[in-house]
Amino acid sequence: MKLLKWFSFRGKGDKSIARKQQFIAQKISRRYCFSAVSFFALQSVVALLGSLDLVIPDLPSPIPFEFGRAIHLGLADLWPLIGTMGMVFFFTTAELNREIYSPRLARWQYWIVMLFSVSIFGTLALRIGNGREFLEGMPIFYVGICLALALASYNLIRTLLTDKRNITPASATMTVGIIFLFLLLLPNTITYRNPITDEVTKFWVVHLWEEMAFELTSAGFIATFYVVSGLAPRAQVEKWLYLEASMAVVGGFYGTGHHYYWIGFPAVWLAVGSLVSVVEVIPVGMLAIMTYKGLKSVKVRSNREKLTLWLLLSSVFYHLTGASLLGLFITIPWVNLYMHGTYVTSGHAHLALFGSLGFVVLAGCYYILSRGSEPTLKGYKRGVLAVCLLNGGLITMASALLVAGFMETYFWRILGMDFMEVRLLINPYLIMRVLGGAMFTLGNLLLSWRIFKAWQTTKYKK
Amino acid sequence: MKLRTFLILSILSFGLFVGVTLISARLPFPMTEQALAGKLVWQRHNCVSCHTLFGNGGYVGDDLTHVATKETPAYLINYLVQPPVMRPNKLAHHPALNEMDAVNLVHYLEFVQTIPTLGWPPQREKAEKDS
């Protein structure tokens, strides 16, 4: 009862505080972040229904599983993209302390990315798609997303070039991240005859977006946040940022080799993929050390910054565990030979995609949308509860999937049992995944509500 | 490290990576028109949501990379045209295809199994012996 009282839902969650001068780009970034958080809330609900479909036989559904899963994966890609676009505009102007080159283009870009994202989800709901995992929408819609990314790249490059002598490492890193998001999506707007090329270009989004381009945009955001909140001195952050970013780029590109093992590529990629994947871990280690040092020496006082930090710390945790350690383990070719194509990959994907990237984008979106407010103690506690539920749900989901995957590895891959027999054996763990998913969804809706309330408190009055 | 170094390293990494990837992605045999039509059937019906090829895709159904070595084309076509109930469901059937789509899809699956996968999946040899 005491716990419930502690997290009581009555009372005001945020109070308005005096806001510093804001750039137009920062105002525009709010709509990106708001849309990203809304899509994130929708994603959990869609994913939860999909996971239920797997464990309740003959569950009636207006959208068949194969297209429901496609919507889930599409959302998983696009909500962090939309949030990142907002974050990059916001933190670039904050870093450079001036307006972006064209706020008008940023507004156009928002409507373009929203139009094509909604078109992807809408057509998939109508069972129209292109059947490429994570990129299931029709290719024309990805042309639209590319157009939005091209506009963002142009706008950011022109912003940096306006005053070449004052380009900060964080703003440059974020700009390069956005350019890579564009360049890596571009080949996915074409339909290939060759199924190997199809797989390859898909991984330029599935792997390289997450483990390289988004790493750069996140690094820029984290660097800015650490400087603003006093967790790290600017000089130290700027000293290491380009080195971290370079390792993320080289490690990210050639680490993609671990996705090339069994798709018809020469055996040399087994060595390239497994060895270079180690490089991918180094920037994560550097980030963890910097965070540890900052937390040891500085006490963050603002509840708003503390809640942002909780979200960021969650990301650092999954960066280290689910993405790096588990990821590195399953890239060992002898391990991957047996575990690839089982639920182990799915467990890793949830930890790496949402755990590492999702939490960073949520942190950024919350920070942006709550600017000009400060959560009351109650509001802060509700936020912390939501973060706990998200973490509890994610760990439960991923653990269940990993156990199911280990069972598949042993019974199916090693002992050679029939696939369907093994599928029935792992059913209890798929049910456990649903329970984890329900907890995650609850945390998601709670956090989204928290962010919505902060947005409402800080909304501009016309 | 300076911005210029970071940019040069990024551009060189990107160029080299794209080059070596495209060289590595060559097919061992040219793809027939029927197999290509089958690939589009695979994509149109979003088969990847439930099945994997090369281990990539959904985990609800079996991996189909080497299904053409385990089952005869006639069996596969019949399965796709008159699909059975999918366990553990009692009513829901596997999605059905028309005969032409089914034939094309089987051609595609026959083509996919010719792509060398460096010994993956590990139970392939056992399956081949059984068949």
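To keep things clear, this report deals only with the structure shown in the data block. (Residues numbered from 1 in each chain as written. Chains lettered and ligands numbered in written order. Predicted model: local features only at pLDDT ≥ 70, side-chain atom pairs only at ≥ 80, totals over all residues. Heavy atoms only, no water.)

### Observations regarding the overall build of chain B
Now for step 1: Looking only at helices and strands, chain B has six helices and two strands in total.
Now for step 2: Along the chain direction, N to C, the helices and strands of chain B fall in the order α-α-β-β-α-α-α-α.
Now for step 3: Relative to its length of 131 residues, chain B is extended, with a C-alpha radius of gyration of 19 Å against a globular reference of 14 Å.
Now for step 4: The principal-axis extent of the C-alpha atoms belonging to chain B is close to 65 × 30 × 30 Å.
Now for step 5: Of the contacts formed within chain B by residues at least 6 apart in sequence, a portion of 54% connects residues at least 24 apart.
Now for step 6: Here chain B has roughly 6700 Å² of accessible surface; of this, 64% comes from carbon and sulfur atoms.
Now for step 7: One way to put it: in chain B the 11 positive side-chain charges average out to a point 14 Å from where the 10 negative ones average out. (Helix = DSSP H or I, 4+ residues; strand = E, 2+ residues; numbered from the N terminus. Rg over C-alpha atoms; globule rule 2.2 N^0.38 Å. Contact = heavy atoms within 4.5 Å. Areas by Shrake-Rupley, 256 points an atom, 1.4 Å probe, with all protein chains shown as cover. Lys, Arg positive; Asp, Glu negative; His and termini not counted. Charge placed at Lys NZ, Arg CZ, Asp CG, Glu CD.)

### Here we look at the packing of helix α11 (residues 303-331) of chain A against helix α14 (residues 377-414) of chain A
Residue and element names in this part refer to chain A.
Now for step 1: α14 packs onto α11 with a crossing angle of 10° between their chain directions and a minimal axis gap of 9 Å. Classified by the interaxial angle, the pair formed by α11 and α14 is roughly parallel. Contacts from N303, K306, L307, W310, L311, S314, F317, Y318 and L326 in α11 reach L377, Y380, G383, V384, V387, N391, L394, I395 and L402 in α14.
Now for step 2: For the contact of α11 with α14, the class distribution of residues is 13 nonpolar, four polar and one charged. (Axes fitted to C-alpha atoms, helices over the stretch in contact; angles between N-to-C directions. Parallel < 35°, antiparallel > 145°, perpendicular 65-115°, else oblique. Nonpolar A, V, L, I, M, F, W, Y, C, P; charged D, E, K, R; others polar.)

### As for the interface of chain B and chain A
Now for step 1: In this complex, chain B contributes 61 residues to the contact, which on the side of chain A involves 73 residues.
Now for step 2: Together chain B and chain A conceal approximately 5600 Å² of surface at their shared face, both sides included; 65% is due to carbon and sulfur atoms.
Now for step 3: Its largest share of buried area at the contact with chain A, chain B owes to F6(B), F17(B) and Y59(B), together 14% of the area lost on that side.
Now for step 4: Counting across the chain B and chain A interface gives two salt bridges.
Now for step 5: Across the salt bridge formed by R193(A) and E33(B), the nearest N and O atoms sit 3.2 Å from each other.
Now for step 6: Across the chain B-chain A interface, the total number found is 21 residue pairs in polar contact (both at pLDDT 80 or more).
Now for step 7: Those elements that provide at least two residues to the side of chain B that touches chain A are α1 (3-24), α2 (33-44), β2 (56-57) and α5 (99-112) of chain B.
Now for step 8: A breakdown of the residues in the side of chain B that touches chain A according to their chemical character gives 33 nonpolar, 18 polar and 10 charged. (Buried area = accessible area lost by both parts, 1.4 Å probe. Salt bridge = Lys/Arg side-chain N within 4 Å of Asp/Glu carboxyl O. Polar contact = N/O pair within 3.5 Å; in protein donor to acceptor, adjacent residues only side chain to side chain.)

### Considering unusual backbone geometry
Now for step 1: Residue P88(B) is bonded to the preceding R87(B) through a cis peptide linkage, with omega at 0°.
Now for step 2: If you trace the backbone, P88(B) turns up in the loop between α4 (73-81) and α5.
Now for step 3: Look at R127(A): it is not a glycine, yet its phi comes out positive at around 70°.
Now for step 4: Take R127(A): it is sitting in the loop between α4 (103-125) and α5 (139-162).

### Re the packing of helix α9 (residues 234-255) of chain A against helix α10 (residues 268-297) of chain A
All names here are of chain A.
Now for step 1: For the pair α9 and α10, interaxial distance at closest approach is 8 Å and the crossing angle is 155°. In this view, α9 runs roughly antiparallel relative to α10, as classed from their interaxial angle. Like other packed secondary-structure pairs, α9 and α10 cross with a definite hand, here left-handed. Taking contact as the criterion, the partners of Q236, V237, W240, L243, E244, M247, A248, V250, G251, G252, Y254 and G255 in α9 are, on α10, V272, G273, V276, S277, V279, E280, I282, P283, M286, L287 and M290.
Now for step 2: Here the residues of the contact of α9 with α10 sort into 15 nonpolar, six polar and two charged. (Left-handed = near helix turned anticlockwise from the far one by under 90°.)

By themselves, these figures tell us nothing about what the structure is for.
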